[in-house]
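Results of the structural survey
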Amino acid sequence: MEQKYIPKEVEQKWQSIWENKKTFKVTAENEKPKYYLLEMFPYPSGRIHMGHVRNYSIGDVIGRFKRMRGFNVMHPMGWDAFGMPAENAAIQNNSHPATWTYENIDYMRKQIKKMGFSYDWDRELATCDVDYYRWEQKLFLEMFAKGLAYKKTSFVNWCPHCETVLANEQVEDGGCWRCDTEVKQKELDQWFFRITDYAEELLENTFKLPGWPERVLVMQRNWIGKSFGCEIDFPLENSTESIRVFTTRQDTVYGATFMSLAPEHPRAIELATADQKDAVAAFIDKIKKTDRIKRTSDDLEKEGVFTGSYCINPLTGVKMPVFLANFVLMDYGTGAVMAVPTHDQRDFEFARKYDLPMKVVIQPADVLLDPAGMTEAYTESGIMVNSDQFDGLENTSAKGAIADFLQQKDLGSKTVNYRLRDWGISRQRYWGNPIPVIYCDKCGVVAVPEKDLPVLLPKNVEFSGEGGSPLAQMESFVNCICPTCGKPARRETDTMDTFVQSSWYFLRYCCPDFKEDILDRKSVDYWMSVDQYIGGIEHAVLHLLYARFFTKVMRDLGYISADEPFMNLLTQGMVIKDGAKMSKSKGNVVDPDALISKYGADTARLFSLFAAPPEKDLDWNDQGVEGSFRFLNRIWKLVNEHLELVRKASPLDVNLLSEEERVLRRSVHKTIRKVTEDLEESFHFNTAIASVMELLNIVQSAKLATPQFSGVMKEALESIVMLMSPFVPHVTEELWFSLGHQTPLTQTPWPEYDKSAVIDDELLVVIQVNGKLRSKITVPAGTSEDNIKELAMKDEKIIQLIAGNTIRKIIYVPGKLLNIVVG
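Note that the coordinates shown come from a computational prediction; the quantities given were computed from them, not determined experimentally.

Turning next to the overall build of the chain. For the chain, the helix and strand inventory stands at 26 helices and 32 strands. Seen along its three principal axes, the alpha-carbon backbone of the chain occupies a region of about 105 × 75 × 50 Å. Counting every position in the chain, which comprises 823 residues, the buried fraction comes to 55%. For the chain, contacts bridging at least 24 residues in sequence account for 72% of all contacts bridging at least 6.

Laid out in structure tokens, this is it:
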């Protein structure tokens, strides 16, 4: 009687075996090539969702495949456990953030284990564990000593709902990234990390990460925002002082007719004349309450106020009124902008509103611009006019000439500017890593001595939900003794941004039990860099940029050798249902627990991998889930129906195959080749699964009574089981043992396709250089001439032979020969 497929029994059996035998535990060993696989670790919100299932299933396929390919695979899991949701939950439920967090971790760990993911749980960490955050405090002290951590007063993004500061990267469309509350500007003393010291390297290395999506690299380049230009000094009227501007448009300096300063500019009040002081002060106060993101939007209504002061255009001698303008930001350039209304749209709108003069200095080839008739700024290329000795030059080439002229006359200098600003890490919340700093009236800012680390989060805290962090209300925490002079002092009550913890967790995974220091250099240098990282594109300029920064800091501090944290990055799509991203508020959530209970983890994994390529959004479909379950049942049934045949199978002799057997075997090995290529080269899991489905149909319909049929069928069934094992590991392990094997699939090498079996589907192309045989390549039948040429040019022998030579022509004889003629 055929055994029925009962997912719960099969999955519990194999999960228990893997856990008891520590199947996926790894150590640093040199016999195998290492492979460090990592998905972005989750926040312990309480329950996993289908986005987690998809993300971790993608990673698990890669991990299991690489393990079968002979790699020493490290695949760890942990918890990004500090943060505001825990604190908010504590307020709502009258509990403690630690209690809420660790209960959630316990529940989510059980859920994740039910999915059968190949994690090395011995490396598990939570960022709220003292054994984790104590080392982060030490790292802060080392950055402080090097000047990479510092404190200053600045305008910050403030979320009134969360009552805390947000980094620029955490403000999305003017709202808080967590709660969507409109973000305000507030002046506070804040701790910063000097990420700007690494701006150039962060930018340069984006061109050395071929395994990253170009979209992410472009987002980081734009965020870093390198621009070449000039700093120009505009003397103040009746003064020996000047205002310095940064511009990338020095070609328009002859057209500058007024000056715009950021309301936050340190000289804003000073420049206000007596009759304008009240108006200037009122304008500054108004802009303080305006969202910073809105101030950068194109549709912002331009507003300003005249300071009463004037500066002088250094090249024209024209007296220019100095305004404060709502669209000028202090954190770009110098906070001062030379306004050229004819060639900058924001300046144009401002000048029209306040009736300020305009002067054309770049003319297009086909139209004669007149300021009086212009309806918008002209921002394209053209010919210089009204620009003295630079008249007649094309404006892009004039940029260099004007920059040289300014430098020669000591009126300015060529310079490089970055949009990137230092990372503000202070957060006015309890549930985070305490910043290890003490304030003493005599000694000033004092670092907590390393011997006194960690600065522990106190547990006896009361959460009222009002007044920001409860740490500031706790005298027992705040009051301390200065380690330098021994007099009464005060602790810092801000905690670190949670993105600090996620900026180096991947390093601690390499040595989670190391007690002597932040990291064990030997272990980290063996495992790093991460070979494959998987996560959402929403982290492109948050976590991913910060992690790159931290990696370089820790390299320079001597803890690691790696320059970059992640060599390859896969950004998976979202899970969509009823046309929208799954969310509780939309009522379109699918509960993974319910799905596993009904169909099993293998079905949940299979559907999430088959329904769409990893980088695309997955559109949830209940019928697709049913179809995935049926497919697994079909494999189960096919194997069980042929167990007797397989057990009696004679050794396969490929020389004795009939034509029908040869055709069947060809299908098996074509599928092995296809699945291998899809997993090795492109992570096209959906097409890999589809090819196995196609093979299953072929094998099911095979009803041969030939001598070698049992051997061919055995090979076919074993191949189907092995090929599907990274996707659906529980059912395949069960079937593998049913087929008579004693070594589990987790320790079985990946199948290799037999080239002789698929010879009719491949071409052997001879490669010649100047008519002499130099190499050979095997390509699938139907490969285009362009692709064959491309493959030939990547052949190592050919690369060496043609290096330094000019390729005269390439002669291709279809399906046979490629001759590269060099000279």
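Past the structure itself, the notes keep going.
On to unusual backbone geometry, then. Looking along the chain, the bond that leaves Leu453 and enters Pro454 is cis, with omega of 0 degrees. Residue placement: Pro454 occurs in the loop between strand 20 (444-447) and helix 12 (475-478). The omega torsion across Met528 and Ser529 is 5 degrees, close enough to zero to call that bond cis. You will see that Asp180, though not glycine, has its phi angle at about 70 degrees, which is positive.

Turning next to the pattern of salt bridges. Tallying each qualifying case throughout the model produces 51 salt bridges. Two residues, Asp122 and Lys25, come together in a salt bridge whose shortest N-O distance is 3.1 Å. Linking Asp122 in the loop between helix 4 (97-114) and helix 5 (130-145) with Lys25 in the loop between helix 1 (7-21) and strand 1 (34-39), this pair joins segments that are 97 residues apart in sequence. When its relative accessible area of 31% is taken as the criterion, Asp122 is described as partly exposed. On the accessibility criterion, Lys25 (43% relative accessible area) is partly exposed. Put simply, Asp517 and Lys138 hold a salt bridge, and the shortest N to O gap is 2.6 Å. Of the two residues, Asp517 sits in the loop between helix 14 (505-508) and helix 15 (521-527) while Lys138 sits in helix 5, which places them 379 residues apart along the sequence. Judged by relative accessible area, which is 21%, Asp517 ranks as partly exposed.

The rules we used
- Residues numbered from 1 in each chain as written.
- Predicted model: local features only at pLDDT ≥ 70, side-chain atom pairs only at ≥ 80, totals over all residues.
- Heavy atoms only, no water.
- Helix = DSSP H or I, 4+ residues; strand = E, 2+ residues; numbered from the N terminus.
- Buried < 20%, exposed > 50% of the residue type's maximum accessible area, 1.4 Å probe, protein only.
- Contact = heavy atoms within 4.5 Å.
- Salt bridge = Lys/Arg side-chain N within 4 Å of Asp/Glu carboxyl O.

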